[in-house]
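# Topology and contacts: notes
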Amino acid sequence: MQRFRQMKTLQKFSAVHAAFHNHFNQDRHVIRRGNYKTQRSAALAEWRALAA
């Protein structure tokens, strides 16, 4: 909490960060490369659609 002045701000950041981390974290060590690349491409395409 060194860079956050209020606990409320830290909680907001953590909630958003967790959502993005869960979306993009694909557990690379568990799945095959082809599946990983497919899932990663789909996640990136969804991100670009939301950002545009």
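No experiment lies behind these values; they were computed from the predicted model shown.

### What to know about the overall build of the chain
A tally of regular secondary structure across the chain gives two helices and zero strands. Taken over 52 residues, the chain has a buried fraction of 4%. Carbon and sulfur atoms provide 54% of the accessible area of the chain, an area that totals close to 4,900 Å².

### A few points about a nonpolar patch on the surface
Taken together, the side chains of V16, F20, L44 and W47 present a nonpolar region at the surface, about 350 Å² in accessible area. Every element with two or more residues in the nonpolar patch is listed here: α1 (7-24) and α2 (33-51). Relative to the elements of secondary structure, W47 occurs in helix α2. On the basis of relative accessibility, which here comes to 37%, the residue W47 falls in the partly exposed class.

Conventions adopted
Residues numbered from 1 in each chain as written. Predicted model: local features only at pLDDT ≥ 70, side-chain atom pairs only at ≥ 80, totals over all residues. Heavy atoms only, no water. Helix = DSSP H or I, 4+ residues; strand = E, 2+ residues; numbered from the N terminus. Buried < 20%, exposed > 50% of the residue type's maximum accessible area, 1.4 Å probe, protein only. Areas by Shrake-Rupley, 256 points an atom, 1.4 Å probe, with all protein chains shown as cover. Patch = residues over 30% accessible without salt bridge, like charges linked within 9 Å, V, L, I, M, F, W, Y side chains within 5 Å. Salt bridge = Lys/Arg side-chain N within 4 Å of Asp/Glu carboxyl O.

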